[in-house]
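The lines below spell out each chain.
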Amino acid sequence: MQSDNAGQAEAADTGIWQPDLTNRARPVYLAIADALAGDIAGGRLAAGQRLPPQRVLADRLGVDLTTVSRAYTEARRRGLLDARVGQGTFVRAPNAPSESAAPVPSQRPAFAPAAVIDMTMNQPPLPDSPELLDRVRQGLAQAMLHLDPQALLRYPEADAGFRAGEDDRAAGAHWLGRRLPDLEDSGRIVVCPGTQSALLALLCMLTRPGDTVCTEALTYPGFKAIARQLGLRVVGVAMDGDGLDPDALRAAVEAHAPKALYCTPTLHNPTTANLPAERRAAIAAIARTHNIPIIEDDIYGVLPQDAPPPIAALAPDVTFHVVGLAKCVAPGLRVTYVAAPDARQASRLAATQRATILGTPPIPAAVATQWITDGTADALLTAIRAEATARQRMARDLLPPESVTAHAEGFHLWLSLPPAWTRGEFAAHLRSAGIAAAVSDVFLTAGPAPEALRICLGAPVSRADCRRMLETLTDALDQSPALAGIVI
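Keep in mind the model is a prediction, meaning the values are calculated, not measured. (Residues numbered from 1 in each chain as written. Predicted model: local features only at pLDDT ≥ 70, side-chain atom pairs only at ≥ 80, totals over all residues. Heavy atoms only, no water.)

Asker: How do you make sense of the packing of aromatic side chains when you look at a structure like this?
Answerer: Taken as a whole and judged by the stated rule, the model has four aromatic pairs. Residues Phe-223 and Tyr-262 carry aromatic rings whose centres are separated by 4.3 Å and whose planes lie at 10 degrees to one another, so their mutual orientation is stacked. One end of the pair, Phe-223, is in helix α9 (residues 221-229); the other, Tyr-262, is in strand β9 (residues 260-263), and 39 residues separate them in sequence. Like Tyr-262, Phe-223 is buried. Its guanidinium or amino end placed over the ring of Tyr-29, Arg-70 lies 3.9 Å from that ring's centre, counting from NZ or CZ. Across from the ring centre of Trp-175, 4.0 Å away, lies the NZ or CZ of Arg-178, which sits over that ring. (Phe/Tyr/Trp six-rings, centres within 6.5 Å; stacked < 30°, edge-to-face > 60°. Helix = DSSP H or I, 4+ residues; strand = E, 2+ residues; numbered from the N terminus. Buried < 20%, exposed > 50% of the residue type's maximum accessible area, 1.4 Å probe, protein only. Lys NZ or Arg CZ within 6 Å of the ring centre and 35° of its normal.)

Quick look at the structure:
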């Protein structure tokens, strides 16, 4: 890497700024942002000066494009840069309002934070590993090399029913095999374009408008949205610290005769509860007795290494086991595997999927198969779990233990508020500090909403950002709403 003087001389000759990254111990994207800050403070970059396009700078530095994108995002968060649509990225004048967007009445006031940490989407932390990103890129290239071009240029044959090929279903069976060790028949597997699409197809197959479905008293908002769209009645079933209460479920089943039960037994969203093995067995027995299909959302199931076996391992004959890759591999890879009770039910689900969304596009299915086959998916899972564990440790160190429910290997936590705060006041206070979080109301299906919020530790890009977010939460919990909300 060049020295400061050499880098400045080349920048002068070419008009392209290039940071000096020698002797920097921080991650590369933070080192680039630090270099930007240093060159602006030292006068080597002037207000209004245009920075090189991200791809150009990535090529010159020999780093991944994602690294430079994260660096520019971090610099904008610090108020150092402005991105102007169609023009490029420029050094921001000191104390100048952002020019990234024209002012509109709904825009945040100038004194608000430059960027919001959006924790309303529960996403995994981004692994900070250039080697892993290179492996991801190589896997993408290999998947494209192996993909039959005709899969893109034509629709599948009618008798294929838009169902994924044998290789993709076999990869799904292999991925699910760590939780369902007896799953050998890939004919039970349906490949779907994301968990939301899988839930839509399942509810379309199992219910009709006006039917009742049961779920936990607090549940995934995406399920609520689909049920509402399909005209279903959702009955929330009581929970406690261990998750869904089997006795309450039995009473709800006898009272309402639901057509299906949707539940998240492992790392429940939002409370993080892990349903004990004996409760899973009790729920399976209730479903068998009353012939109620279970939709088991196991999207977080591979994160904890100590989770009990899924309900599908206890009652495969009544359970549709749903496992997406969004939370444990890559949110942008919209691939989900459903293990149906048998091949006949899988064919019915595939036919329903064809009627609603046709099927899974071949490119993401091919990428998922490649990553599962070559071990990239396992490497990403391991990296996500390790980063989540580090962030949970940080949360335990900073937040009051009586307020937090979490799992050491998950990346969200359930924050119960002290009596002085209401969830609305606390969420508004966080928003003013540049943090958006989901309040309990969005998950509610029964009973009064608890004074609590879901906190996603994966939303901050870096571990340092996560610490700042947790410190903001800690400070807010220590204040009273009267002091936090004072206006002069």
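Asker: Is there a simple way to think about helix α16 (residues 423-432) in this case?
Answerer: Since there are 3.6 residues in each turn of an α-helix, residues three or four apart along the chain are aligned in direction. Along α16, the residues that are buried comprise Arg-423, Phe-426, Ala-427, His-429 and Leu-430. Buried positions in α16, seen along its axis, are confined to an arc of 160 degrees and lie on one side of it. (Arc of directions from axis to C-beta.)

Asker: Teacher, can you tell me more about the nonpolar core here?
Answerer: Nonpolar side chains in soluble globular proteins tend to end up buried together. One finds Trp-175, Val-329, Tyr-337 and Trp-371 to be the most contacted residues of the largest nonpolar core, which totals 36 residues. Among the secondary structure elements, those contributing two or more residues to this core are α5 (130-146), α7 (166-176), β4 (189-192), β12 (336-339), α14 (362-374) and α15 (376-398). Sort the elements by how many residues they give to this core and α15 lands first, with five residues. With near-sequence residues (within four places) excluded, Val-329 lies in contact with Trp-175, Trp-371, Ala-377, Leu-380 and Ile-384. In this structure, Met-119, Leu-415, Ala-427 and Ala-476 belong to the second largest nonpolar core, which totals 26 residues. (Core = buried A, V, L, I, M, F, W, Y, C linked by side-chain atoms within 4.5 Å. Contact = heavy atoms within 4.5 Å.)

Asker: Sorry if this is basic, but what is going on with the pattern of salt bridges here?
Answerer: Pairs can form between side chains of opposite charge whenever their charged atoms are close. Counted under the stated rule, the structure contains 15 salt bridges. Glu-387 is the salt-bridge partner of Arg-463, the closest N and O atoms lying 2.6 Å from each other. Taken together, the residues Arg-463 in helix α17 (residues 463-478) and Glu-387 in helix α15 connect sequence positions 76 residues apart. The structure contains a network of salt bridges with shared partners spanning Asp-34, Glu-74 and Arg-78. (Salt bridge = Lys/Arg side-chain N within 4 Å of Asp/Glu carboxyl O.)

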